[in-house]
Amino acid sequence: MEPTQAAAPFLLTDPWWLLAFALLPPLIVLGLWEGQTVRRRRVALGVAQAGPERRRARGVALLRAVIFSSVLLALAGLQWVRAAGPVSTVYLVDISESVGTDGRAAAHAYVQSALGAAGPEDRSAVALFGAQASVVRPFAAAGPLAPFGADSAGSTDTAAAIRLGRALLPPEGARRLVVISDGLDTAGGAQAAAAEAVAAGVPVSVVPLHQGAAHEVGVSAVDVPATIPVGQVFTMTVRVDSTVAEGATLHLFDGRTSLADREVTLQPGGNPFTFPITVHDQGFHSYRVRVDALDDRWSQNNEATGVTLVQSAPRVLIVAGGPDDGEPLRVALAAAHVDATVVTASEVPTDTAALTAYDSVVLANTPAGSLPSGADRALQTYVRDLGRGLIMVGGEASFGAGGYGNTPLEAALPVSMDVRSNQRQADVALALVVDKSGSMGRCHCGASGAFRSTTAQESGVAKVDIAKQAILQAAASLAPTDQLGVITFDTAARPLVAIQPLSRLPDLAGRIAGIQAAGDTNLYAGLRAGTDALNATSAKLKHMILLTDGWTNTASYDALLAEMRTDHITLSTIASGTGSSDLLESLAHSGGGRYYAVEDDNNVPQLLLKDTVLASGSYLVETATLPLVARAGSILSGLDLTHLPVLRGYNSTTPRPTAELLLTAPNGDPLLAGWQYGLGRAVAWTPDMKGRWATNWVQWAAFPQFAAQLVGWTLPRAGPSGLDSSVMQAAGRAQIRVDSRDSTGAPRMNLTTSVQVQGPDGSRGVVDLAQTAPGVYEGSMPAAAPGGYRIDVQQTAPDGRVVVTGTLGLAVPYSAEYRLGAAAGAGTTQLAALAAAGGGRVLDLVASPVSVPSGPALPSRVAAWPLLLTLALLLFPFEIALRRLTFSRADLMHFVRRR
């Protein structure tokens, strides 16, 4: 049972033991009965008289009752409560590196003075803290205070010190904590610990060791990519923090080789500087930056390191929709030493094993329908499961306009093709009016024709079958709520699929499979049937696409076209053949749609798809567009983002919720977006990379750098060895984690894994890693000295065969105390916040400790159990003697006379 404080001068911590007092009456009765039995026996033997024996029995019973009561009250936790106790103070002294020798001496003098000024009943304890807290003077200690040493762990945990101080304080009297520090806490949580202390009645006051802001300059970051292809230009970003405006010199080193010296002007706060670097040597590189400034307090934070692994040039596959779509990108990548191969859509591998020959794939204005069957799913697996890269470049046949809606590749991209949801466009009703006359049964034999002389027959795919494929591709680009109808005609028109929401057409392929070419051509009948079908719908956007290949009977279309305009029905035409091209072009012009002349019937599906997506959504935005920076990610690193070239157009898309938007159009449409997709990365660049929309971009001097960084961001983080490694530093140790996978993405299991570590001073050591998950191996190593570490990984099979080797890098920074110290007044600000959270004050080093606020004076409690048990132990021999020994007053007098 928990103790409860009461107004009475006594307190029981475990009052349940008092229930045992119910045994006291039987115990007394038993003692009296036993005494009476002994008395009668002794009186009968004549060795005692009745009166004294009766008093002896009563005395035994009384002693037993007192002993029993003393033990029970001790077990029940009897305490005496006093109104108030002494003042107890714990001084928590920061001895971390950033405090310095002078700071520790000043703290020692303050504490020694406070101990000397304490009252006679006051109690004090002293604890020192840096990375850990320890007691150097408990409450019971006396005498002079020994000098404070330094904690060289390079970190400060103020929260741990506050928790230790609370644990040292007694439970009674007025209590308080005094933190003496420079305020540069690195562990965090100090304010929360102070708030918990004051809530428990222990205020926390602070004594700053460094008042005011000292002049300070430090290198806080050296940012380089984790891996860099050999020969590629990359941008190193160096951040220098300063508390004052002054001049400084930056020195850049690659290992021990000096690369550059730069005179810079620093402003208060963070100062970013960039260095363009080209690396020609493969392997591990450690880049070190040192700043030299005249007015600087600490030298420990004047250097920082960034490490990178220079790999062989990556291989990139560019899939170009047309001759002009891939060449500008290939030339730009070649200038950045990236090996790029340009192929047509039909040459794209359809299995992941063949795709793994490349590190990233670029689809440059490549329509979905032109990819070989199965290539889209292979590319999805290539990115999601094998950790490779995918980039889709815009154009008139890309993204939604290229038919990627509801495909595996759309799922892999950071944008979706449905642009109507964010533009609130109307629902669509689409009527596909398809010529099925006899001429549509002739084959499409290629541009040059094909004829089998041995059989005297045409060879190839019938145009009506190409039309079926076109219908399916067009339907795939529509939303489930859009309405679609298919009308075929020869001499008469027949509604093959009534106009209805696409969600109700699960077997569209089966419905159109039976279309057979036969009969003459009555184009008017087809248009009439399409108009009637669209008029029966309530859709806000009604569009008809006419697909035919020849002449038709003469008819007047003026009245029908006027009716279509009145009912807001638009008409596009696709001419498969040249005989009726003039008529079809006129119909499309009068019908407010588009006319497409087809020289190669294999292009019919793509043209039908293109007109469908243009009708159902604004997939192409062709207007002058100034890119706006949404976030300056690594793809845009080192570029002049204030003067980006103007674009002439882009593909409209909708960003996914978890995508990272880098560039947008003024209306918020994505221009450049990326995301992590499974193990790999995918990027959407919605403009093209040729002269139609991106003329200014491909002529931009920084275009090769942009192209290289665009592709570089998608490259797999794991090298050719399949090792993806990371290192986390904590408490002077580095936790190494290696994720090992084979070429198929499967984890490598049960391998003996060791790493050889080379420090910045050239020292070497070996660390063994243990498997902690499928393909994951972990271990730790000391990493106290700042600088760049090279880590070579080797994995061997149980039979001793070397399975894989790889290299990674680790940059160990200087102590976080010095990083915080570069901010003007950071320590003083943190200490003020700590005192506010802890309900205390900010004190001066020369202030009297009497001014330190204390918590409420809690009543002190004195445990009674030592006195009670002592009483019981002293009375117990007398109880035994009184029961066992027989003596009279005469015996007592005789004993006294002999003494």
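Attention in this report is confined to the structure presented alongside it.

Conventions used here
- Residues numbered from 1 in each chain as written.
- Predicted model: local features only at pLDDT ≥ 70, side-chain atom pairs only at ≥ 80, totals over all residues.
- Heavy atoms only, no water.
- Helix = DSSP H or I, 4+ residues; strand = E, 2+ residues; numbered from the N terminus.
- Buried < 20%, exposed > 50% of the residue type's maximum accessible area, 1.4 Å probe, protein only.
- Contact = heavy atoms within 4.5 Å.
- Pairing = 2+ DSSP bridges.
- Axes fitted to C-alpha atoms, helices over the stretch in contact; angles between N-to-C directions.
- Phe/Tyr/Trp six-rings, centres within 6.5 Å; stacked < 30°, edge-to-face > 60°.
- Arc of directions from axis to C-beta.
- Core = buried A, V, L, I, M, F, W, Y, C linked by side-chain atoms within 4.5 Å.

A closer look at the environment of Gly 394
Okay, so step 1: Looking at where Gly 394 falls in the secondary structure, it is placed in the loop between β19 (389–393) and α9 (408–412).
Okay, so step 2: On the basis of relative accessibility, which here comes to 1%, the residue Gly 394 falls in the buried class.
Okay, so step 3: Measuring from C-alpha to C-alpha, the distance between Gly 394 and Thr 366 comes to 8.5 Å, with 28 residues separating the pair along the chain.
Okay, so step 4: Excluding residues within four positions of it along the chain, Gly 394 makes contact with Asn 365, Phe 399, Asn 651, Trp 685, Thr 686, Pro 687, Asp 688 and Trp 693.

So, the sheet that holds strand β18 (residues 360–364)
Okay, so step 1: Taken in spatial order, the eight strands make up an open sheet running β17-β16-β18-β19-β37-β36-β35-β32, and their pairing is mixed. A single partner strand is all that each edge strand has here, and the edge strands are β17 (339–343) and β32 (628–629).
Okay, so step 2: When β32 meets strand β35 (residues 660–664), the two strands line up antiparallel, connected through two bridges. Looking across to β35, one finds that Leu 628 is bridged to Thr 664.
Okay, so step 3: Sheet strands touched by helix α6 (residues 323–335): β16 (315–320), β17 and β18. Its angle to β16, the strand with the most contacts, is close to 160°.
Okay, so step 4: Packed onto the sheet, helix α8 (residues 375–384) meets β18, β19, β36 (670–677) and β37 (680–685) and runs at close to 135° relative to β18.

Observations concerning the packing of aromatic side chains
Okay, so step 1: The tally for this structure, following the rule as stated, stands at eight aromatic pairs.
Okay, so step 2: Aromatic pair Phe 703 and Phe 706: ring centres 6.4 Å apart, planes at 35°, arrangement tilted. Of this pair, Phe 703 and Phe 706 both sit in helix α18 (residues 703–714), three residues apart, which is roughly one turn of that helix. This pair shows no difference in class: Phe 703 is buried, exactly as Phe 706 is.
Okay, so step 3: Counting every residue linked through ring pairs, the aromatic cluster contains Trp 685, Trp 697, Trp 700, Phe 703 and Phe 706.

As for helix α5 (residues 190–199)
Okay, so step 1: All of the buried residues in α5 are Ala 190, Ala 193, Ala 194 and Ala 197. Down the axis of α5, the buried side of the element spans an arc of 100°, and every buried residue falls inside it.
Okay, so step 2: In the core, the buried residues of α5 are packed alongside α4 (158–168), β7 (204–208) and α20 (826–837).
Okay, so step 3: Positive phi appears at Gly 201, one or two residues downstream of α5, with a value of about 85°.

A short note on the environment of Ala 332
Okay, so step 1: Here Ala 332 lies in helix α6.
Okay, so step 2: Overall, the relative accessible area of 4% leaves Ala 332 in the buried class.
Okay, so step 3: Along the sequence, Ala 332 and Phe 706 sit 374 residues apart, while their C-alpha atoms lie 8.7 Å from each other.
Okay, so step 4: Each residue touching Ala 332, except ones within four places of it in the same chain, is listed here: Phe 703, Pro 704 and Ala 707.

Some thoughts on the sheet that holds strand β6 (residues 174–181)
Okay, so step 1: Sheet architecture is open: six strands sit in the order β5-β4-β3-β6-β7-β45, paired in mixed fashion. Taken across any chain shown, the strands that pair with only one partner, and hence form the sheet edges, are β5 (133–137) and β45 (839–842). The average undirected angle you get between the axes of adjacent strands in this sheet is 25°.
Okay, so step 2: In the sheet, strand β3 (residues 87–94) pairs with β6 via seven bridges, with the strands oriented parallel. Of the residues in β6, the one forming a bridge with Ser 88 is Arg 175.
Okay, so step 3: Packing of helix α3 (residues 100–117) onto the sheet brings it into contact with β3, β4 (123–129), β5, β6 and β7, and relative to β3 it is tilted by some 170°.

A few points about the nonpolar core
Okay, so step 1: Formed by 39 residues in total, the largest nonpolar core has its most connected members in Leu 333, Leu 672, Trp 685, Trp 697 and Phe 706.
Okay, so step 2: Elements with a contribution of two residues or more to this core: β16, α6, β18, β19, β35, β36, β37 and α18.
Okay, so step 3: Among the elements that make up this core, the one with the highest residue count is α18 (seven residues).
Okay, so step 4: Aside from chain neighbours lying at most four places away, what touches Trp 697 is Pro 627, Leu 644, Pro 645, Val 646, Leu 647, Leu 663, Trp 685, Phe 703 and Phe 706.

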